[in-house]
Amino acid sequence: MQDRISQLAGEGTPFLVISNFEADTILIYTQEELQKEDIEFSFLPTPPLEATPLTRKPISFKQYKIGFDQIIEHIKAGDTYLLNYTCSTPIETPLTLKQIYQKAHAKFKLRFKDQFVCFSPERFIKIEGQTISTYPMKGTIDAALENAQEQILANDKEMAEHIMVVDLLRNDLGIVAHNIKVEKFRYIDHLFTGDKTLLQVSSKITGKLSADWRDDFGPILRALLPAGSISGTPKKSTVSIIKAVEQHRRGFFTGIFGYFDGKNFDSAVMIRFIEKQKDRLIYKSGGGITLDSCAEDEYQEMIDKIYIP
């Protein structure tokens, strides 16, 4: 798959790429191939429509805390410093996956057949010319809280978590690019969840690729996977812990999808994700865990992220 990605990019042939979390399943579709598939995607912000009815049935706090406590023990042992812990939540909605895709308001959207839909606020990487950029998102708060922006930016735990993921992604970009810079550090995005607005803290990191990056795009993309913002640091050991402690398989959740237009590339992390499992819908969500994390707060954040924007 890496060879085909490099070949298509080197030829200037547009294509869509979809990778699961562990990057052991990578799907590639040219424009001609997409015409034969039941796949929809968008990289343009869509206007908000009416709120979508959604009933959540999350796991109990007791179940959640089993994995949380295991992660804290791994952190104390030095096996990980930041781990993105995720869970599956059955949901009920009168909408089909196609209708959810049509109604969802998001920067990045993907519907893959009748298997899953994603409406992500988080870019993975963007390449324009020789400049590669990534935009880690870490830190969320209800905008309705008093002094919400000041609270989230002053929170020591959120600051530490954000610094760790920025450092991780600086190092990731350093594998494939040079002249790495943090151009914006901890700025605020607004996320509209349907019943509330969340403030999300983001940063922007850039680097420079070689002039012939398209000819080596397959290995470049693979070197950056899985996305650091939804795995953790150090990445290799943290991914192993994720597989051991999480009570579900992520599959394509927290993977990435991206589009090469013939010259440049844009992509998103597959968060805000609904998967069809037999006759029911499963929403997968989570958040970053550090030594200073509070289990009750992290459990609530996992639930707060279950929405259709």
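Before any of the text, the structure's been laid out above.
Here the structure is a predicted model, which means the values were calculated and not measured.

**Looking at the overall build of the protein**
Looking only at helices and strands, the protein features nine helices and 17 strands. What you see for the protein is a C-alpha radius of gyration of 19 Å, in line with the 19 Å of a compact globule of 309 residues. Its C-alpha atoms put the protein at 50 × 45 × 35 Å along the principal axes. Taking all 309 residues of the protein together, the buried fraction comes to 55%. Considering only residue pairs separated by 6 or more positions, the protein has 72% of its internal contacts joining residues 24 or more positions apart. Summing over all exposed atoms, the protein offers an accessible surface of approximately 13,600 Å²; the carbon and sulfur share of this is 49%.

**Brief notes about helix α6 (residues 156–176)**
Between its first and last C-alpha, α6 extends 31 Å over 21 residues, near the 30 Å set by a 1.5 Å rise per residue. Where α6 is concerned, the buried positions are K157, E158, E161, H162, V165, V166, L168, L169, D172, L173 and V176. All buried residues of α6 lie within an arc of 165 degrees about the axis, which places them on one face of the element.

**Observations concerning helix α1 (residues 2–11)**
Because the α-helix completes a turn every 3.6 residues, residues three or four places apart line up on one side. Those residues of α1 that fall on the buried side of the exposure criterion are I5, S6, L8 and A9. Projected down its long axis, α1 carries its buried residues within an arc of 170 degrees, all on one side. Turned more than 90 degrees away from the buried face of α1 sit D3 and E11, all of them exposed. Buried residues belonging to α1 abut β1 (15–19), β2 (26–30), α7 (217–223) and β14 (256–260).

**Some details on the nonpolar core**
Core analysis: the biggest nonpolar cluster contains 67 residues, and F217, L221 and I274 have the highest contact counts within it. Those residues in contact with L221, other than ones at most four positions away along the chain, are I5, V17, F124, I125, I256 and F265. Within the second largest apolar cluster, 18 residues are counted, among which are L16, I39, F108 and L110.

**Quick look at the side chain of E275**
Tracing the sequence through the fold places E275 in strand β16 (residues 273–277). Reaching out from E275, the side chain makes a polar contact with the side chain of Q277 at a distance of 2.8 Å. Setting aside residues up to four positions removed in sequence, E275 forms contacts with Q115, F116, R250, R280, L281, I282 and K284.

**Considering the packing of aromatic side chains**
A full pass over the atoms with the stated rule returns 18 aromatic pairs. On the numbers, 5.4 Å between centres and 25 degrees between planes, the contact of F116 with F252 is stacked. Note that F116 is positioned in strand β7 (residues 116–120) and F252 in the loop between α8 (235–245) and β14, a separation of 136 residues in sequence. Classification of F252 by relative accessible area gives buried; the value is 16%. Through successive ring pairs, a cluster of aromatic residues spans F15, W213, F217, F260 and F265. If you follow R123 out to its NZ or CZ, it ends over the ring of Y135, 5.3 Å from the centre.

Reading the values: the criteria
- Note on numbering: residues in each chain are counted from 1, in written sequence order.
- Only residues with pLDDT of at least 70 get local features here, since the model is predicted, and only at 80 or more are side-chain atom pairs given and counted; chain-wide, interface and lining totals rely on the full set of residues.
- The basis for every side-chain value is the complete set of heavy atoms in the structure, and neither hydrogens nor water enter the calculation.
- Under the DSSP-based scheme used, a helix requires at least four consecutive residues in state H or I and a strand at least two consecutive residues in state E, with every element numbered from the N terminus.
- Within these notes, the globule rule equals 2.2 Å times the number of residues to the 0.38 power, and the radius of gyration is based on C-alpha atoms.
- Accessible area is worked out with a 1.4 Å probe on protein chains only. A residue is then buried under 20% of its type maximum, exposed over 50%, and partly exposed in between.
- Should any heavy atoms of two residues lie within 4.5 Å, those residues are considered in contact.
- With residues, only the protein chains shown are counted as cover, and all accessible areas are computed by Shrake-Rupley using a 1.4 Å probe.
- Expected helix span is taken as 1.5 Å per residue step, with the number of steps being one fewer than the number of residues.
- The arc in question is the one traced by the directions running from the helix axis out to the C-beta atoms.
- As used here, the term nonpolar core means buried Ala, Val, Leu, Ile, Met, Phe, Trp, Tyr and Cys residues forming a set that is joined through side-chain atoms within 4.5 Å.
- Under the rule applied, a polar contact is a pair of N or O atoms within 3.5 Å (in protein, one hydrogen donor and one hydrogen acceptor; residues adjacent in sequence only if both atoms are side-chain atoms).
- Pairs were defined over the aromatic rings of Phe, Tyr and Trp, the Trp ring being its six-membered one, requiring ring centres within 6.5 Å. Orientation was assigned from the angle between planes: stacked under 30 degrees, edge-to-face over 60, tilted for the rest.
- Working rule: Lys NZ or Arg CZ, within 6 Å of ring centre, within 35 degrees of ring normal, means a charge sits over the ring.

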